[in-house]
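# A structural walkthrough
Each chain, written out:
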Amino acid sequence: MRIESRCNNRMKVVNHVEQVRHALSLTNGTIGLVPTMGALHSGHRSLVERARAECDIVVVSVFVNPTQFNDPKDLEKYPRTPEKDIELLKEAGADIVFMPEVEDIYPEEDNRIFDFGSIAEVMEGAARPGHFNGVGQVVSRLFEIVSPHKAYFGEKDYQQLAIIRKLVTDYGFDIEIVGCPIIRESDGLALSSRNMLLNEKQRIAAPKIYATLCQAAEFGRSKSIDEVCQFVVDTINSDPELDVEYFTMADSSTLKEIVQWEKDQQVRGFVVVRAGSVRLIDNIEFD
Ligand code: PAF
């Protein structure tokens, strides 16, 4: 569904690049950008509220970027709720909502290949070939269109956040990247637009993912990395609705997999779990 340009009280909803630029040319002050793919939830709301608290102008993009989907079926079934998104963004205090079509973002085919180095080769980079290149294409394009001072991304997609920090330093964007904490349901499930695709049984099972990560983090260094990995995979897989695609313990900065504990190394556990055809992603810090 296409939502034509409109102005809701103070908030402007626009579809085209020149409309965003025009709307921004009428403003003064720091610009905060929150890039999203829509189907917004309280996790996105927390990003918009943080941008609202820190910037004069808050721009939110709502665009399901085809170039970051390596599976056409996944792109097709990705949830789209534009009317509800606009309501949420109005409440959260956005100033400009940019809801482009594919031809607005990519007037020509985007053949750029980004080199994000080894952080793009592991976990999601290995599981979804081309995914991070697509993220690089769309985020750099949004940065060029909006020229924000700050841009806000959630830590649920921790690897994506690392890639975007690399995009900014390696490709010369003068933008502060703000990483924001994971927002969870009261039962611990990390908020995700994909959660709305879960059936009832899968939704009941899904909190086991975070509960298991918390148990594993509590073991901390009292168990070997192998034992932690085995525990996470076995515990989550013991639920017939859930199937671990991968669980990796990695260095929090380099994202390199670790096989043993090293003193003073910051470590995170990263998991992807399939509930039917829905891919759920989460991560946790280990002390
Ligand atoms: O995290 C997302 O929703 C997307 O990957 C992003 C950053 C909006 C790029 O399409």
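In what follows, the structure referred to is the one given above.
Residues numbered from 1 in each chain as written. Predicted model: local features only at pLDDT ≥ 70, side-chain atom pairs only at ≥ 80, totals over all residues. Heavy atoms only, no water.

Now for the overall build of the protein. When its secondary structure is counted, the protein shows eleven helices and ten strands. By its C-alpha atoms, the protein is 60 × 40 × 35 Å across when sized along the principal axes. Among the 287 residues that make up the protein, the fraction classed as buried is 55%. Taking as baseline every contact in the protein between residues at least 6 positions apart, the subset at least 24 positions apart corresponds to 72%. In the protein, which carries 32 positive and 46 negative side-chain charges, the distance between the mean positions of the two groups comes to 3 Å. (Helix = DSSP H or I, 4+ residues; strand = E, 2+ residues; numbered from the N terminus. Buried < 20%, exposed > 50% of the residue type's maximum accessible area, 1.4 Å probe, protein only. Contact = heavy atoms within 4.5 Å. Lys, Arg positive; Asp, Glu negative; His and termini not counted. Charge placed at Lys NZ, Arg CZ, Asp CG, Glu CD.)

Lining the immediate surroundings of the ligand are P35, T36, M37, Q68, V138, F153 and Q160. Separating an oxygen atom of the ligand from a side-chain N or O atom of Q68 is a distance of 2.6 Å. Between the ligand and Q160 there is a distance of 2.7 Å, counted from an oxygen atom to a side-chain nitrogen or oxygen. Compared with its free state, where it exposes 290 Å², the ligand has 88% of that area covered by protein. Counted by class, the shell around the ligand contains four nonpolar, three polar and no charged residues. (Near = heavy atom within 4 Å. Polar contact = N/O pair within 3.5 Å; in protein donor to acceptor, adjacent residues only side chain to side chain. Areas by Shrake-Rupley, 256 points an atom, 1.4 Å probe, with all protein chains shown as cover. Nonpolar A, V, L, I, M, F, W, Y, C, P; charged D, E, K, R; others polar.)

Most of strand β10 (residues 278-286) is tucked away: seven of the nine residues are buried. The sheet contact formed by strand β9 (residues 267-275) and β10 spans nine bridges and is antiparallel. Bridge pairing in β10 places F270 opposite N283. Between β9 and the antiparallel strand that follows it, β10, lie two residues; G276 among them carries a positive phi value of about 60°. (Pairing = 2+ DSSP bridges.)

With that settled, the discussion passes to the pattern of salt bridges. Taken as a whole and judged by the stated rule, the model has 19 salt bridges. A salt bridge links K156 to D157, with the nearest nitrogen and oxygen atoms 3.7 Å apart. For K156, a relative accessible area of 15% puts it in the buried group. Linking R184 and D282 is a salt bridge whose minimum nitrogen-to-oxygen distance equals 2.9 Å. Residue R184 is found in the loop between β7 (176-180) and α9 (200-205), and its partner D282 is found in strand β10; the two are separated by 98 residues along the sequence. Put simply, R50, E54, K150 and E176 are held in one network by salt bridges that share partners. (Salt bridge = Lys/Arg side-chain N within 4 Å of Asp/Glu carboxyl O.)

Mapping D85 onto the fold places it in helix α4 (residues 82-92). Despite its burial, D85 remains without a salt bridge, the nearest opposite charge being carried by K84 at 7.1 Å. What D85 contacts, discounting residues up to four positions off in sequence, is G38, A39, L40, V62 and M99.

Here I177 lies in strand β7. Put simply, I177 and A151 are 26 residues apart on the chain and 5.1 Å apart in space, counted from C-alpha to C-alpha. Leave out the neighbours within four places in its chain, and I177 touches F143, A151, F153, L161, I164, R165 and V168.

As enumerated under the stated definition, the model contains two cavities of 30 Å³ or more in all. Put simply, the second largest cavity is a space of about 60 Å³. Surrounding the second largest cavity, K156, L189, A190, S192, N195, I209, L280, I281 and D282 form its lining. With three residues, β10 is the single largest residue contributor to the lining of the second largest cavity. Among the residues making up the lining of the second largest cavity, the classes are represented as five nonpolar, two polar and two charged. (1 Å grid on protein atoms, 1.4 Å probe; cavity = no way out; pocket = protein on both sides within 12 Å on 5 of 7 lines; lining within 4 Å. Points joined across faces, edges and corners; volume = space filled by probe spheres on them.)

As far as function goes, none of this settles anything; it's purely spatial.
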